[in-house]
Amino acid sequence: MTGWFRDQASSATIKTTPVDRLLAITRKSLRFRAANFCDWCHRFGPSRKRFFPAAIPRKFALLLVALILPLLAQGNTATGHAPQPVKKNCAPGVVLKVSAGVAAQGSLLLAEITGLDDRQKVKAEWDGRDVPLWPESQPARTLHAMIGVDLEKSPGSYQWKISWTAADGSSAACGVPITVRTGKFATERLTVEKQYVQPDPEQQKRAEEDQKKMRAIYDTVTPEVLWKGKFRLPLKGEIAGKNFGRRRVLNGEARSPHAGIDFPAAAGTPVYAAQAGRVALAEDLYYSGNTVVIDHGFGIYTLYAHLSEIAVHSGDTVAALAEIGKVGATGRVTGPHLHWGLTIDHARVNGLQIVQKEP
Ligand SMILES: [Zn+2]
């Protein structure tokens, strides 16, 4: 188990409310004269962030940054953010490994069980649910799992538990402790007139139906490894994603955090399947617009939102990097971009982590 990725991709904290973003959203709301606010997919676009009160002269502010940054960098090295894998000998010949014992909210861990096979009715549990396990090859002596730490999972100590039937027919259990720590997510505080953030009853109904549909999809665990090899980013070229996990406080009320990554891209840019799988959904949803969800098997799903065009149908089998649509600005957004989500057994995790490691 080498090459484990970092449990938390670097993220920045925005310290103040960007006033221009608020103005942009309000203007947009006025233009649409409807609730066009999206709880989970926030407005994307270049925006100036005011890190310092206007009263502080720009030169002084830059000097301050130059002085503070090296100190912060030193602090990071001192606390050491490299993930420490954990290993436990559960029984003679039975070993449990997890890629990190400490994980930030929204991160992804890989787990491995050696010495048992699926004939021994091995079960794994995380977050009160069974974690699907897949064998490396047949006949398998190594079982694999992905553990998604949901971006809203309360920080604290947890156990990743497994149980199995021993050779003599008795049941056995074992666990590895996992500490969940708070993710470093930006928080955005906005004050917007109520009429611009409240969908009308019809829109509300539609959004709820969409949600039900999504829940049914994520409740389905396809017991097949449909992916092959590494997961890829859904756009070609040099791309940088942002906004994962961003918290939004609207009129003093905490809303759902941003559950995906926003990639800036021009409308019409081709969007590719991150890996092979089966299309679980390909339709227009209220918040996310033209949306494609791909089932990769074993509870792993990727989502592509706000597409201008969808090139696949529900039920289609897609290959890795197959074109599934084009970047657009459909749904409750103000500009073209690709919103990309990754869900692992219901947990909303940072998609950038799955492209760094072959599951
Ligand atoms: Zn988004």
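Residues numbered from 1 in each chain as written. Predicted model: local features only at pLDDT ≥ 70, side-chain atom pairs only at ≥ 80, totals over all residues.

Enquirer: Honestly, the overall build of the protein in this entry has me stumped. Any pointers?
Expert: Within the protein, the secondary structure is distributed over three helices and 23 strands. Sorting the 359 residues of the protein into buried and exposed places 36% on the buried side. Counting only contacts in the protein whose residues sit at least 6 apart along the sequence, the fraction spanning at least 24 positions is 69%. (Helix = DSSP H or I, 4+ residues; strand = E, 2+ residues; numbered from the N terminus. Buried ≥ 20, exposed ≤ 12 C-beta atoms within 10 Å, placed from the backbone. Contact = placed C-beta atoms within 7 Å.)

Enquirer: Help me understand unusual backbone geometry in this model?
Expert: With glycine set apart, most residues show a phi of negative sign, and most peptide bonds adopt trans. Residue Asn 251 is not a glycine yet carries a positive backbone phi of 50°. In this fold, Asn 251 is placed in the loop between strand S12 (247-250) and strand S13 (253-254). Accessibility expressed as a C-beta count within 10 Å gives 12 for Asn 251, which makes it exposed. Unlike most non-glycine residues, His 346 shows phi in positive territory, near 75°. Considering the arrangement of structural elements, one finds His 346 in the loop between strand S22 (337-344) and strand S23 (347-349).

Enquirer: What exactly am I supposed to notice about the nonpolar core here?
Expert: Core analysis: the largest hydrophobic core is formed by 63 residues, its most contacted members being Leu 109, Ile 147, Val 292 and Tyr 304. A domain split of this core shows at least three residues from each of domain 1 (19-50 + 185-353) and domain 2 (86-181). With residues up to four places along the chain from it excluded, the contact list for Val 292 reads Val 279, Leu 281, Ala 282, Tyr 304, Leu 307, Ile 310, Val 312, Ile 324 and Gly 325. (Core = buried A, V, L, I, M, F, W, Y, C linked by C-beta atoms within 7 Å. Domains from an automatic or database assignment.)

Enquirer: Would you take a moment to explain the environment of Lys 230 for this structure?
Expert: Along the chain, the position of Lys 230 falls in the loop between helix H3 (201-218) and S12. A residue is classified by how many C-beta atoms lie within 10 Å of it, and Lys 230, with 14 of them, is partly exposed. Between the C-alpha atom of Lys 230 and that of Ala 274, which follows or precedes it by 44 residues, the distance is 8.7 Å.

Enquirer: For this particular structure, what's the right way to read the environment of Lys 97?
Expert: Relative to the helices and strands, Lys 97 is located in strand S2 (residues 94-98). Considered as a pair, Lys 97 and Lys 87 are 10 residues apart in the sequence and their alpha carbons are 4.4 Å apart.

Enquirer: What am I meant to see in the pairing of strand S21 (residues 323-326) here?
Expert: Within a regular strand, side chains alternate between the sheet's two faces. Bridging between strand S15 (residues 270-272) and S21 involves three bridges; their strand directions are antiparallel. When the bridges of S21 are listed, Tyr 272 appears paired with Glu 323. (Pairing = 2+ DSSP bridges.)

Enquirer: I keep staring at the sheet that holds strand S10 (residues 171-181) and nothing clicks. Help me out?
Expert: Within a beta sheet, neighbouring strands are joined by backbone hydrogen bonds and run either parallel or antiparallel to one another. Read from one edge to the other, the open sheet built from five strands follows the order S3-S10-S9-S5-S6, with strand pairing classed as mixed. Unpaired on one side and paired on the other, strand S3 (102-104) and strand S6 (129-131) mark the two borders of the sheet. The mean angle between the axes of side-by-side strands here comes to 35°, regardless of whether they run parallel or antiparallel. Across three bridges, strand S5 (residues 123-126) lies against S6 in antiparallel orientation. (Axes fitted to C-alpha atoms, helices over the stretch in contact; angles between N-to-C directions.)

Enquirer: Is there a simple way to explain the confidence of the model for the protein in this structure?
Expert: Regions with low pLDDT carry predicted coordinates that are not meant to be interpreted in detail. Looking at the protein as a whole, its pLDDT mean stands at 80, while 75% of the residues score no less than 70. The low-confidence segment residues 69-80 (pLDDT under 50) makes one contact with residues lying over four places distant or belonging to another chain. (pLDDT = per-residue confidence, 0-100.)

Enquirer: Before we go on, may I ask you to explain the sheet that holds S12 in this structure?
Expert: Ordered in space as S11-S12-S13, the three strands form an open sheet in which the pairing is mixed. The open sheet is flanked by strand S11 (187-190) and S13, the only strands paired with a single partner. Where S11 meets S12, four bridges bridge the pair, whose relative direction is parallel. Paired with Arg 189 across the bridge in S12 is Val 249.

Enquirer: Is there a simple way to think about the pairing of S22 in this case?
Expert: The buried fraction of S22 amounts to eight of the eight residues, a majority that puts the element mostly inside the structure. On S22, burial covers both faces: His 337, His 339, Gly 341 and Thr 343 on one face and Leu 338, Trp 340, Leu 342 and Ile 344 on the other are all buried. In the sheet, strand S18 (residues 300-307) pairs with S22 via six bridges, with the strands oriented antiparallel. Counted as the bridge partner of Tyr 301 is Thr 343 from S22. One ladder, built from three bridges, connects S22 with S23; its direction is antiparallel. From the neighbouring strand, Ile 344 faces S23, where its bridge partner is Ala 347. Connecting the antiparallel pair S22 and S23 is a turn made up of two residues, with Asp 345 showing a positive phi of about 50°.

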